[in-house]
Amino acid sequence: MIKVFVDSGSSIKQDEKEKFDVEILPLRILLGDKEYLDGIDLSMDIFYDALINQNLFPKTSLPSLGEAEQRIKSCVENGYDVMILTISSAISGTYNTLRMLFASEPRVRVIDTKTAVGGMRILVNEINKYRDKSLDFVEEKLTALIPRLKVVAVPETLDYLQKGGRLSKSAWAVGSILQLKPLISLDSTDGKVKVLGKAMGKRRAMEAVAKALVDFECDENYEIVPSYTYGRGNLDTLIAMTDKKYHAQMTDYDNLDPAIACHWGPNAYGYIFVSKK
């Protein structure tokens, strides 16, 4: 039987652990001079107050390696095989660090998901179909699915991409003046942040996100994860603009955890889904 661990970049909440049947390795977040554990002792209210009102930009770091090693070795000692899903190695060092930590443990498999948040939720649901299979079998299933994961999202403002170092000051200035909205994705081949395109204004950006379900041939056999940060208003507007045939696939809405939300800022919105190809 396989025990699954995810880092909190999956945005799976502590109260969702039983639903997804996972254990969570929380990323660490530094706000000012205080360190928090993502999803455990940092509430959304405290996080957004610091981000919006106090102008504090968080710094994130890896989960506690000592705690991770202890928890995972305990599972192995109790007879489990363990599969660890990490946020894309292109945006976090968690994968490479855990891979080296468990390199000599044949019953532990560390997977670079090349995605984050809702994409990791989709992968966990895939694993849950095959919990009684071997690690090799499940890894093969994930390897086939990961390239089909699509993330298409839009920040309401470019400010937080610039603060996080993912956008130059000149690009931030031009984009803000022209009200350009970048369509951001995680490239499922290398896990890097990618700009799919730019739209002039919020409505055109929402139309482009809705159209992405068509352009990428969204697979109706998998869920769509509608995702947002802080307020859900923009996401609700996006869903209302989206072809109703996709609505049945939208079963869970994800308010992104602070470790990821800090790079988007409040009121971002988007879809995470699986393409047919």
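Residues numbered from 1 in each chain as written. Predicted model: local features only at pLDDT ≥ 70, side-chain atom pairs only at ≥ 80, totals over all residues. Heavy atoms only, no water.

A.B. asks: Residue-level account of the pattern of salt bridges, with values.
C.D. replies: Scanning all chains against the criterion turns up 21 salt bridges. Glu23 is paired through a salt bridge with Arg71; the nearest N and O atoms lie 3.1 Å apart. Here Glu23 is found in strand 2 (residues 23-25), whereas its partner Arg71 is found in helix 3 (residues 65-77), with 48 residues between them in sequence. In this structure Glu23 comes out as partly exposed when scored by relative accessible area, which is 26%. (Salt bridge = Lys/Arg side-chain N within 4 Å of Asp/Glu carboxyl O. Helix = DSSP H or I, 4+ residues; strand = E, 2+ residues; numbered from the N terminus. Buried < 20%, exposed > 50% of the residue type's maximum accessible area, 1.4 Å probe, protein only.)

A.B. asks: Run through helix 9 (residues 202-215), naming residues and quoting values.
C.D. replies: Compared with the 20 Å implied by 1.5 Å per residue over 14 residues, the 19 Å span of helix 9 between its first and last C-alpha is a close match. Those residues of helix 9 lying buried are Ala205, Met206, Val209, Ala210, Ala212 and Leu213. For helix 9, the angular spread of buried residues about the axis comes to 135°, placing them on one side. Relative to its buried face, helix 9 has exposed residues pointing more than 90 degrees away, namely Arg203 and Arg204. Those residues of helix 9 hidden inside the fold are in contact with strand 8 (149-154), strand 9 (180-186), strand 10 (193-200), helix 10 (233-241) and strand 13 (269-274). Positioned one or two residues after helix 9, Glu217 has a phi angle of 55°, which is positive. (Expected span 1.5 Å × (residues − 1). Arc of directions from axis to C-beta. Contact = heavy atoms within 4.5 Å.)

A.B. asks: Run through the packing of helix 3 against helix 4 (residues 94-101), naming residues and quoting values.
C.D. replies: The contact between helix 3 and helix 4 brings their axes to 11 Å, and the two run at 50°. By the angle between their directions, the pair helix 3 and helix 4 is classed as oblique. Viewed along their axes, helix 3 and helix 4 form a crossing whose handedness is right-handed. Of the residues in helix 4, those touching helix 3 at Leu65, Ala68 and Glu69 are Thr97, Leu98 and Leu101. Here the residues of the contact of helix 3 with helix 4 sort into 4 nonpolar, 1 polar and 1 charged. (Axes fitted to C-alpha atoms, helices over the stretch in contact; angles between N-to-C directions. Parallel < 35°, antiparallel > 145°, perpendicular 65-115°, else oblique. Left-handed = near helix turned anticlockwise from the far one by under 90°. Nonpolar A, V, L, I, M, F, W, Y, C, P; charged D, E, K, R; others polar.)

A.B. asks: I'd love a proper account of the packing of aromatic side chains, names of residues and values included.
C.D. replies: Aromatic ring pairs are reported here in terms of the distance separating the ring centres and the angle at which the planes meet. The tally for this structure, following the rule as stated, stands at 4 aromatic pairs. An angle of 65° between the planes, with centres 5.4 Å apart, marks the rings of Tyr130 and Phe137 as edge-to-face. Note on Phe216 and Phe273: the rings are 6.4 Å apart at their centroids and 50° apart in plane angle, and the pair reads as tilted. With Phe216 in the loop between helix 9 and strand 11 (225-228) and Phe273 in strand 13, this residue pair connects regions lying 57 residues apart in the sequence. (Phe/Tyr/Trp six-rings, centres within 6.5 Å; stacked < 30°, edge-to-face > 60°.)

A.B. asks: Pulling in residues and values, what's your account of the environment of Tyr246?
C.D. replies: Examined against the element boundaries, Tyr246 turns out to sit in the loop between helix 10 and strand 12 (254-255). Accessibility expressed as a relative area gives 7% for Tyr246, which makes it buried. C-alpha of Tyr246 to C-alpha of Ile224: the two residues are 22 residues apart in sequence and 8.0 Å apart in space. Apart from the residues within four sequence positions on either side, Tyr246 is in contact with Leu213, Val214, Cys218 and Ile224.

A.B. asks: If you had to explain the side chain of Asp254 to someone new, which residues and values would you point to?
C.D. replies: Mapped onto the fold, Asp254 is located in strand 12. Assessed through its relative accessible area of 1%, Asp254 is described here as buried. Reaching out from Asp254, the side chain makes a polar contact with the side chain of Ser11 at a distance of 3.1 Å. The residues touching Asp254, leaving out its near neighbours within four places in the chain, are Ser11, Lys13, Val117, Gly118, Arg121, Val225, Pro226, Ser227 and Tyr228. (Polar contact = N/O pair within 3.5 Å; in protein donor to acceptor, adjacent residues only side chain to side chain.)

A.B. asks: Can you tell me about the pairing of strand 7 (residues 108-112), naming the residues and giving the values?
C.D. replies: Burial analysis of strand 7 places 5 of its 5 residues in the buried class, the great majority of the element. Residues of strand 7 alternate between two faces, with Val108, Val110 and Asp112 on one and Arg109 and Ile111 on the opposite face, all of them buried. As judged from the 5 bridges shared by strand 6 (residues 81-86) and strand 7, these two strands associate in the parallel manner. Paired with Leu85 across the two strands is Ile111, which belongs to strand 7. With respect to chirality, the unit in which strand 6 leads through helix 4 into the neighbouring parallel strand 7 is right-handed. (Pairing = 2+ DSSP bridges. Right-handed = clockwise from strand over helix to strand, strands pointing away.)

The analysis is restricted to geometry; functional conclusions fall outside its scope.
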